[in-house]
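# Structural overview
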Amino acid sequence: MSLLLSRTLAQSSLLLVQRISSRRPPTVPPRARIKKSHRLVAALQTARAVAQCSAAMAKRRPFERLPTDVYPVNYGLCLQPDLVNFTFSGKLQAMVEVTQATNQIVMNCADIDIITASFVPHGRDEIDATGFNYQNEDEKVTLSFPCALTKGSGVLKIKFAGELNDKMKGFYRSKYTNTAGETCYAAVTQFEATDARRAFPCWDEPAIKATFDITLIVPKDRVALSNMNVTDRQPYPGEEDLVEIKFGSTPVMSTYLVAFVIGEFDFVESQSSDGVLVRVYTPVGKAEQGRFALEVATKTLPFYKDYFSVPYPLPKIDLIAIADFAAGAMENWGLVTYRETALLIDPKNSCASSRQWVALVVGHELAHQWFGNLVTMEWWTHLWLNEGFASWIEYLCVDHCFPEYDIWTQFVSADYTRALDLDALDSSHPIEVNVGHPSEVDEIFDAISYSKGASVIRMLHNYIGDEDFRKGMNAYLLKFQHKNASTEDLWECLEQASGKPIATVMSSWTKQMGFPIIVVEEEQHGDDRVLNISQQKFCASGPHNGEDCPYWMVPVSICTSEDPTCSKVQVLLDKPQTVVTLEGVGPDQWVKINPGTVGFYRIQYSSAMLQSLLPAIRDLSLQPVDRLSLQNDLFSLSRAGTISTVEALRLMEAFVNEPNYTVWSDLSCNLGVLSSLLSHTDFHEDIQEFIRDLFAPIGLRLGWDCKPGEGHLDALLRGLVLGKLGKAGHKPTLEEARRRFKEHVDGKHVLPADLRSPVYLTVLKHGDSGTLDTMLRLHKQADMQEEKNRIERVLGAISPPDLIQRVLAFALSEEVRPQDTVSVIGGVAGSSKHGRKAAWKFVKDNWEELHNHYQGGFLLSRLIKLTVDGFAAEKMAAEVKSFFESHPTPAVERTVLQCCENILLNAAWLKRDADDIHQYLMQRKAPPV
């Protein structure tokens, strides 16, 4: 599954506002730092204690997995949705095995009414159930029988009914507008992690696999899809408007991968080079918007077949755009569901970042067809195996399909650094989390499972080498196909293929929280450079002060100025400290640790080593990804208090000649964080001037219009830079944005798709009620969801307090799809100090409605993070903590703790560095003496 939490940050030019809210948790290497106030230290210690307490409570939450005395072999499932009354009826005939005599069957069941149930032992008479005992908190039902069901096979028959809910989970209704402008509904599914039980009674655990024979009774003018191809379609007896559609038997699979969709759709189709029928289903009249995804899918399937040396195991695959959809996409076997914005591309109205986003999400979900669907995690503890792997290989796939995207450099900004930020917190969690109760599962669909998981897989791939990695993956998929596996099973296969101690190395990364900072000192000995390299846990809240300092098995690569692209030495740092001698490295050469930024750690260089690297930033001799990581590490060190933030700002000024989009994107994000922090001061305008000075030269070089020979990355960079300059109040940019916006609105000259976000953002930031009225009108007129989302994300940039309230009210209106409300509120919170306060009050005032919308899932976590992460006062941390103590929501406990910790860290940063930053910014403006 691709989550918006995890994936949208890759769309830098689309999410300027939200990236400002994307906090950069600091990290603290073992150097002297300025002491915090006793009060703040106490507050941070309280946050740690609360985190530990919460973790202990989660472990104690009572939960038992389903009994093993009865298990399914095949589900014969027939469902009839009612798209008028929003209900459905169903019949289940499950072939089961009774492994030991029992007079009850325990299954998962939630929000379903069982009407009748019976059991037919093989060759014997039917036995009616005498009672249904629902355990609602555990989402289980116990079917009781008057006598023991004897060991052997039989058929469990259940008639049941349920509601087509509006919660975007289980079997639910999705609202859309048809070509005649009428409101209509589709019936769709979202079962991961534990919501198949809302569509039919089942054994809803990933390890309890079975085959499925699905039948749908639907209106004859609707499209009906499921995991497999249609095998039969007949008029439904007695109902001339209905048809009965039967689908082929599925392979053995987990319940969370079952899917069915009933609605109005068009499609485009093709066939991959290896013979798989691929269709992309779109809203009616928009079939051509599925062409780009179709191209990506037909290239991707053969790529994965070749990479894994295992063919795609189903006869077809459908990709379908769903109007109301909480996640980015879901990898249901043979029927992958997507948000419209994650699948549809209009050649004229879609921007470059949207095409890239669609390519990544398609690559992610199709990877799951092997890694997750063919071989499935044994329990949710191993979720990261599915998501971390897919989040890594989607980049490998996109790099294969679109080498011009320079996608691996973007990975470092979009995934790698985000994972470092989150994992530096005391309230982070290991990659592998012991999951018990279903309410705990949603919490681990986060940047640790996805982005850290992807980052350590990338590090492992580099450590093993591609050839041995592919051998190990092939062995793993063949050994466990149609079965379940654990993390250790993967390590064993990779170890056998590579001959390296994979389990020992990787357990240090998956079983313990956090990561190291690598501290490097150097000495010149004749013609040799001697490096003293040490590691220590990197903590956002201060130096690690526990009795036992953890350490990692760290693959450390080292390059020099002789060849910045190639490692001169590679060592496995398996202890706290080591000495490495680089032969033939003279005093005039620089040394860089972690070339390519593949190892998952931060680096602290000695002052002399850092100074020697600065010219390599200016003359671009360092690789872009290494220029990016050097800046990102230094920014994090400054936020941690190890160095002054002024040093990080001075380093940023060295990037004035930088040509690379992703480097600018990361700089932009960090400056956005700093701008958000300084919004709590009276010199916020001074940091805007710094931003204008830094971005103006690249803005001038790029200009407003696409030049001959420019490509994908140029389009991304132009949107990023113009948006940054416009938001910071750069007058020439503001004037040109207003001129082009007026021509766009008047229909004289339609804005190119890549310029819409920066222009909309700029005119709103410096606009009035008329600007907001115009933007809301454009939103209402937009026929494409991408355009609606583009506007929704920037509406919060409006400044007047009364207009901010209008935007917040709009967020919960019928004009905004439920999954997009989060973007509107988050945009308000990320735009200004006043917006943050207003958004937080709005969330508190409307908590019941918002909670009901999202039912405690990951969208609620994302809403909380976007809303409160930018505060920088201890009293606000206390307020946030107090609110959620009085409004307990188990699925967001960890997010709340992380937000409170970030607020306290922001407060420490502000107290420590505000005066120095102000002085530096004032000195920059002073005329030279």
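Just so it is clear, the structure is predicted and the values come from calculations on it, not from any experiment. (Residues numbered from 1 in each chain as written. Predicted model: local features only at pLDDT ≥ 70, side-chain atom pairs only at ≥ 80, totals over all residues. Heavy atoms only, no water.)

### Structural notes on the sheet that holds strand β6 (residues 131–135)
Strand pairs in the sheet, formed through backbone hydrogen bonds, run parallel or antiparallel to each other. Spatial strand order, β3-β7-β6: three strands in an open sheet with antiparallel pairing. The outermost strands of the open sheet, each flanked by one partner alone, are β3 (102–108) and β6. On average, each strand axis in the sheet is inclined to that of its neighbour by 25 degrees, with strand direction left out of account. Two elements, β6 and strand β7 (residues 140–149), share five bridges in a ladder whose sense is antiparallel. Bridged to Y134 within β7 is V141. (Pairing = 2+ DSSP bridges. Helix = DSSP H or I, 4+ residues; strand = E, 2+ residues; numbered from the N terminus. Axes fitted to C-alpha atoms, helices over the stretch in contact; angles between N-to-C directions.)

### Notes on the layout of surface pockets
Within this model, the largest pocket holds a volume of roughly 1,300 Å³. Forming the walls of the largest pocket are 45 residues, and the residues nearest its centre are K175, Y176, T177, D324 and R817. At the level of elements, β9 (170–177), β10 (183–190), β18 (316–322), α21 (785–794) and α25 (847–854) are the ones that each hand at least two residues to the lining of the largest pocket. Counting residues per element, the lining of the largest pocket draws most heavily on β9, which supplies six residues. A breakdown of the residues in the lining of the largest pocket according to their chemical character gives 18 nonpolar, twelve polar and 15 charged. (1 Å grid on protein atoms, 1.4 Å probe; cavity = no way out; pocket = protein on both sides within 12 Å on 5 of 7 lines; lining within 4 Å. Points joined across faces, edges and corners; volume = space filled by probe spheres on them. Nonpolar A, V, L, I, M, F, W, Y, C, P; charged D, E, K, R; others polar.)

### Overview of the packing of aromatic side chains
Under the criterion given, the structure shown has 46 aromatic pairs. Taking 5.7 Å as the distance between ring centres and 70 degrees as the angle between the ring planes, the aromatic pair formed by Y304 and W370 counts as edge-to-face. Within this pair, whereas Y304 is found in helix α4 (residues 291–308), its partner W370 is found in the loop between α5 (352–368) and β21 (375–377), the two being separated by 66 residues in sequence. One exposure class covers both Y304 and W370, and it is buried. For the ring pair F371 and F389, a centre distance of 3.9 Å and an interplane angle of 15 degrees mean the geometry is stacked. Here the residue F371 occupies a position in the loop between α5 and β21, and F389 occupies one in helix α6 (residues 383–401), the gap between them amounting to 18 residues. One exposure class covers both F371 and F389, and it is buried. (Phe/Tyr/Trp six-rings, centres within 6.5 Å; stacked < 30°, edge-to-face > 60°. Buried < 20%, exposed > 50% of the residue type's maximum accessible area, 1.4 Å probe, protein only.)

### Examining a nonpolar patch on the surface
On the surface, Y71, V73 and M95 cluster together into a nonpolar patch covering about 250 Å² of accessible area. Along the chain, Y71 falls in strand β1 (residues 70–82). (Patch = residues over 30% accessible without salt bridge, like charges linked within 9 Å, V, L, I, M, F, W, Y side chains within 5 Å. Areas by Shrake-Rupley, 256 points an atom, 1.4 Å probe, with all protein chains shown as cover. Salt bridge = Lys/Arg side-chain N within 4 Å of Asp/Glu carboxyl O.)

### A short note on the nonpolar core
One finds L156 and Y476 to be the most contacted residues of the largest nonpolar core, which totals 313 residues. Residues contacting L156, with those up to four places away along its chain left out, are L92, Q93, A94, V96, I105, M107, S118, F119, L143, F145 and W203. (Core = buried A, V, L, I, M, F, W, Y, C linked by side-chain atoms within 4.5 Å. Contact = heavy atoms within 4.5 Å.)

### Here's the deal with the confidence of the model for the chain
Here the chain shows a mean pLDDT of 90. Residues at 70 or above account for 93%. Confidence drops under pLDDT 50 across residues 5–60; counting only partners more than four residues distant or on other chains, this segment forms 177 contacts. (pLDDT = per-residue confidence, 0-100.)

### Overview of helix α7 (residues 407–423)
An ideal rise of 1.5 Å per residue puts 24 Å on 17 residues; α7 measures up with 23 Å between its terminal C-alpha atoms. In terms of residue burial, α7 counts as a mostly covered element, since 16 of its 17 residues are buried. (Expected span 1.5 Å × (residues − 1).)

### Let's talk about the pattern of salt bridges
The final tally for this structure, using the stated rule, is 52 salt bridges. Ionic pairing is found between R339 and D820, a salt bridge with its closest N-O pair at 3.3 Å. Of this pair, R339 sits in strand β20 (residues 335–339) while D820 sits in the loop between α22 (801–811) and α23 (821–829); the two residues are 481 residues apart in sequence, bridging distant segments of the chain. There is no split in this pair, since R339 and D820 are both buried. Close ionic contact of E787 with R790 constitutes a salt bridge, the shortest N to O distance being 2.8 Å.

### So, the packing of helix α24 (residues 833–845) against helix α26 (residues 858–868)
Between α24 and α26, whose axes approach to 8 Å, the crossing angle comes to 145 degrees. Facing α24, whose interface residues are R836, A839, W840 and V843, α26 presents L863, T867 and V868. The class makeup of the residues in the contact of α24 with α26 is five nonpolar, one polar and one charged.

### Examining the side chain of S174
Inspection of the secondary structure assignment puts S174 in strand β9. On the accessibility criterion, S174 (2% relative accessible area) is buried. There is a polar contact of 2.9 Å between the side chain of S174 and the backbone nitrogen of D324. Residues in contact with S174, not counting those within four places in the same chain, are C184, Y185, A186, V188, I322, A323 and D324. (Polar contact = N/O pair within 3.5 Å; in protein donor to acceptor, adjacent residues only side chain to side chain.)

### Description of the pairing of strand β24 (residues 528–537)
A regular strand carries its side chains on alternate faces of the sheet. Here β24 lies mainly inside the structure; seven of its ten residues are buried. Pairing of strand β23 (residues 516–525) with β24 involves ten bridges; the strand directions are antiparallel. Paired with H525 across the two strands is D528, which belongs to β24. Between the end of β23 and the start of β24, which pair antiparallel, lie two residues, with G526 showing a positive phi angle near 65 degrees.

### Topic: unusual backbone geometry
Here the amide bond leading from E192 into A193 is cis, since omega sits at 10 degrees, within 30 degrees of zero. Residue position: A193 is located in the loop between β10 and β11 (211–219).

### Structural notes on the side chain of N906
In this fold, N906 is placed in helix α28 (residues 893–925). A distance of 3.1 Å separates a polar atom in the side chain of N906 from the backbone oxygen of D869.

### Observations regarding the environment of E743
Among the structural elements, E743 can be located in helix α18 (residues 731–746). Overall, the relative accessible area of 27% leaves E743 in the partly exposed class. For the pair E743 and K911, spaced 168 residues apart in sequence, the C-alpha separation works out to 46 Å. With sequence-adjacent residues up to four places away left out, E743 is seen in contact with K748 and H749.

### So, the packing of α18 against helix α19 (residues 753–765)
Between α18 and α19, the least distance of the axes is 9 Å, while the angle of their chain directions is 110 degrees. Taken together, the axis directions place α18 and α19 in an arrangement best described as roughly perpendicular. Of the residues in α19, those touching α18 at L734, A737, R738, R740, F741 and H744 are L755, R756, V759, Y760, T762 and V763. (Parallel < 35°, antiparallel > 145°, perpendicular 65-115°, else oblique.)

### Observations regarding the sheet that holds strand β28 (residues 591–593)
The strand order across the open sheet formed by three strands is β26-β25-β28, and the pairing between neighbours is antiparallel. One side of each edge strand has no neighbouring strand; the edge strands of this open sheet are β26 (569–573) and β28. Neighbour-to-neighbour, the strand axes of this sheet turn through a mean angle of 25 degrees, independent of strand direction. Inspection of the sheet shows strand β25 (residues 554–560) paired to β28 by three bridges, in the antiparallel sense. Looking across to β28, one finds that C559 is bridged to K592.

### Some points on the environment of G465
With respect to the helices and strands, G465 occurs in the loop between α8 (448–464) and α9 (466–480). G465 sits in the partly exposed class, given a relative accessible area of 24%. Note: C-alpha distance between G465 and L678 (213 residues apart in sequence) is 45 Å.

### Quick word on the pairing of strand β29 (residues 602–605)
A two-sided burial pattern is seen for β29, the buried positions comprising R602 and Q604 on one face and I603 and Y605 on the other. Of the pairings in the sheet, the one linking β23 to β29 comprises four bridges and is parallel in character. Along β29, the bridge assignment pairs V520 with Y605.

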